Amino acid sequence: MQQHNVLILDFGSQYTQLIARRVRELNIYCEIHPYNKPPKNSSDFKAVILSGSPSSVRSEDPPHPDLSEIRGKKPLLAVCYGAQYLAHFSGGLVGQSNTREYGRANLSFVKKEEVFFENISVGSQVWMSHSDTIKELPTGGLRLASTHDVENAAYKILGEDTYAIQFHPEVYHSTDGKQLLENFLVKIAGVAQTFTPDSFAESTIKDIQAKVGDDKVVLGLSGGVDSTVAAVLLHKAIGTNLHCIFVNNGLLRKNEFSDVLKQYEGMGLNVKGVDASGRFMKALAGLSDPEAKRKAIGNAFIEVFDAEANQISDAKWLAQGTIYPDVIESVSVNGGPSATIKSHHNVGGLPDFMKLKIVEPLRMIFKDEVRRVGASLGIDKELLGRHPFPGPGLAIRILGDITPEKVAILQEVDAVFINGLKTSGLYDKVWQAGAILLPVNSVGVMGDERTYEKVVALRAVESTDGMTADWVNLPYEFLQKTSNDIINKVKGVNRVVYDISSKPPATIEWE
């Protein structure tokens, strides 16, 4: 990626990724790096944003970045902790707030003549999330905005393009947050809005050609959006040197192995189907812990790809459809302070025994961006509209240990649910849907006889990138019919429930 436009220094806030999302929505490329490990090429970035943090500047050992190469030299926006940091270490005063400042607030004062607040008025709603407050501005500080409870809600440093805000413009509840980011990045910092699907595809293809050269690449296809878009980018870059492998791990949706192979016919891709379901089932035998299952699946994938790659003469690269949320959730971004949520089977590198190097064309973009890139490449709309499906497949939708019988039950339940969404015209209104087999039985009655069978949960969410999500309010009539169809058609299930949890605090998948 050549367009190093905006650098986001992460102090450990769970909102940091949302900052990146909002910046990307402005067609501006950005990267997240830990505050204590800034990139060596920081001079390539045209503006810098400091994130929030769960830490306090008043603690004994607060996050303390070296901003000597940034402050006063590049446009700088400090958010929440960043704003407190600039005040605390530059002649101001940060103290504990008399009241905890969390949630919605409204601007009661705005310095309207400032470009920073252009098109933002008194009364605009912002989102606060802090227990410390800025009581005195730093040397050279000029107050730009206040709320009823927070006098120094925003300020700038005179003589610098340095701005600071106590609220979070990146969250949905800050109604003019995107406008404020645009004012800073475009009107003050002069960052070009050139990060488009076409520009990403063009630069990525060139990067692949420069990185891979004439080497052969092995790509694991899943039938999903990410691996498909990665495959098309690689194919445009290296042509017949790309060898695609679609593995049946025994944990796919009903008939998915054959359906996906047919799907790729006519796309010009060199695809080989490999049935390794026995290997995966053996690797999962007796495992119940979610992380243990994920790692077992990841190891099995590596073994399969290694075996297949050895059959391809001179294969030197393994390509993956890893996207930014996978990286963020798996390994706190770039080794930074953000919390690890869960591991992903396609993140974290390869073991030493493998001779393949990794190439990940989509590693730095979000799911919605992947779809837009796919559309720019001319990929079929129906394929791009497929719901995300987890890499470990149904293994993380079966709570507890995995058996062929449980997989068969869940495949049938999932087919009823997904096909029902499609026939009811609801599929495209849902970002992701699936069924979960719970590790409990419940008492039921069928034909005047007692049953003691499995419980399944249905899950349908709306989202844009998978970082946050809310449950979909599916019509009662649809849920009623789906529940009835599952119980009548799938032997072994006598109860259906619907998951109404949002992310956060829950995750989209149950494991």
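Everything in this summary refers to the structure shown in the same document. Treat the numbers as computed from the prediction; the structure is a model and nothing was measured.

**Quick notes on the overall build of the chain**
- Counting its secondary structure elements, the chain contains 14 helices and 18 strands.
- Computed over its C-alpha atoms, the radius of gyration of the chain comes to 25 Å, within 12% of the 24 Å expected for a compact globule of 511 residues.
- Overall, the chain is about 75 × 65 × 40 Å in size when its C-alpha atoms are taken along their principal axes.
- Here the chain holds 511 residues, and the buried ones make up 57% of them.
- Partitioning the contacts of the chain with sequence separation of at least 6, the portion at a separation of at least 24 is 73%.

**What to know about unusual backbone geometry**
- Residue P504 is bonded to the preceding K503 through a cis peptide linkage, with omega at -15°.
- With a phi angle near 65°, N255 is a residue other than glycine that sits in the positive phi range.
- Note that N255 resides in the loop between β11 (242–248) and α6 (256–263).
- Overall, the relative accessible area of 48% leaves N255 in the partly exposed class.
- For D314, which is not glycine, the phi torsion reads 65° and is therefore positive.
- Inspection of the secondary structure assignment puts D314 in the loop between α8 (290–309) and β13 (315–319).

**Side note on the pairing of strand β4 (residues 76–79)**
- What you see with β4 is no split at all: L76 and A78 on one side and L77 and V79 on the other are buried throughout.
- Relative to β4, strand β3 (residues 47–50) runs parallel, the two sharing 3 bridges. By the bridge assignment for β4, L50 is matched with A78.
- Both β4 and strand β9 (residues 162–165) contribute to a ladder of 4 bridges, which runs parallel. If you follow L77 over to β9, its bridge partner there is Y163.

**Observations concerning the pattern of salt bridges**
- Under the counting rule described, the total for this entry stands at 25 salt bridges.
- Taking the shortest distance from any N to any O, the salt bridge between K187 and E118 comes out at 2.8 Å. Of this pair, K187 sits in helix α3 (residues 177–188) while E118 sits in the loop between β5 (93–110) and β6 (125–136), and the two are 69 residues apart along the sequence.
- The exposure class of K187 is partly exposed, given its relative accessible area of 38%.
- With a closest N to O distance of 2.8 Å, E509 and R397 form a salt bridge. Residue E509 is located in the segment after β18 (493–498), and its partner R397 is located in the loop between α12 (381–384) and α13 (404–423); the two are separated by 112 residues in the primary sequence. For the pair E509 and R397, one class covers both residues: buried.
- Taken together, the shared-partner salt bridges in this structure form one network comprising R21, R22, E25, D368 and R372.

**Let's talk about the sheet that holds strand β14 (residues 357–359)**
- The 5 strands lie next to each other as β12-β11-β10-β13-β14, forming an open sheet whose pairing is parallel. Each edge of the open sheet is held by one strand with a lone partner, namely β12 (271–275) and β14. Adjacent strand axes in the sheet meet at a mean angle of 30° when their direction is disregarded.
- Across 5 bridges, strand β10 (residues 216–221) lies against β11 in parallel orientation.

**Looking at the packing of helix α4 (residues 197–212) against helix α11 (residues 367–376)**
- Running from N to C, α4 and α11 cross one another at 80°; their axes reach a closest spacing of 8 Å. The angle between α4 and α11 falls in the class roughly perpendicular. For the pair formed by α4 and α11, the contact residues are P197, D198, F200 and A201 on the first element and R372, V373 and S376 on the second.
- Class assignment of the residues belonging to the contact of α4 with α11 gives a composition of 4 nonpolar, 1 polar and 2 charged.

**Regarding the side chain of E170**
- Mapped onto the secondary structure, E170 falls in the loop between β9 and α3.
- R22 provides the closest opposite charge to the buried, salt-bridge-free E170, at an N-O distance of 7.8 Å.
- Polar contacts involving the side chain of E170 include one to the side chain of H168, which spans 2.8 Å.
- The contacts of E170, once residues within four sequence positions are left out, are Y15, L18, I19, R22 and V79.

**Some details on the packing of α4 against helix α5 (residues 225–238)**
- At a minimum axis distance of 9 Å, the contact between α4 and α5 shows a crossing angle of 60°. Between α4 and α5, the interaxial angle falls into the category oblique. With respect to the hand of their crossing, α4 and α5 are arranged in right-handed fashion. In this structure, α4 uses F200, A201, T204, I205, I208, Q209 and V212 to contact α5, whose residues at the interface are L233, L234, K236, A237 and I238.
- When its residues are assigned to classes, the contact of α4 with α5 shows 9 nonpolar, 2 polar and 1 charged.

Scoring rules and cut-offs
- Residues numbered from 1 in each chain as written.
- Predicted model: local features only at pLDDT ≥ 70, side-chain atom pairs only at ≥ 80, totals over all residues.
- Heavy atoms only, no water.
- Helix = DSSP H or I, 4+ residues; strand = E, 2+ residues; numbered from the N terminus.
- Rg over C-alpha atoms; globule rule 2.2 N^0.38 Å.
- Buried < 20%, exposed > 50% of the residue type's maximum accessible area, 1.4 Å probe, protein only.
- Contact = heavy atoms within 4.5 Å.
- Pairing = 2+ DSSP bridges.
- Salt bridge = Lys/Arg side-chain N within 4 Å of Asp/Glu carboxyl O.
- Axes fitted to C-alpha atoms, helices over the stretch in contact; angles between N-to-C directions.
- Parallel < 35°, antiparallel > 145°, perpendicular 65-115°, else oblique.
- Nonpolar A, V, L, I, M, F, W, Y, C, P; charged D, E, K, R; others polar.
- Lys, Arg positive; Asp, Glu negative; His and termini not counted.
- Polar contact = N/O pair within 3.5 Å; in protein donor to acceptor, adjacent residues only side chain to side chain.
- Left-handed = near helix turned anticlockwise from the far one by under 90°.

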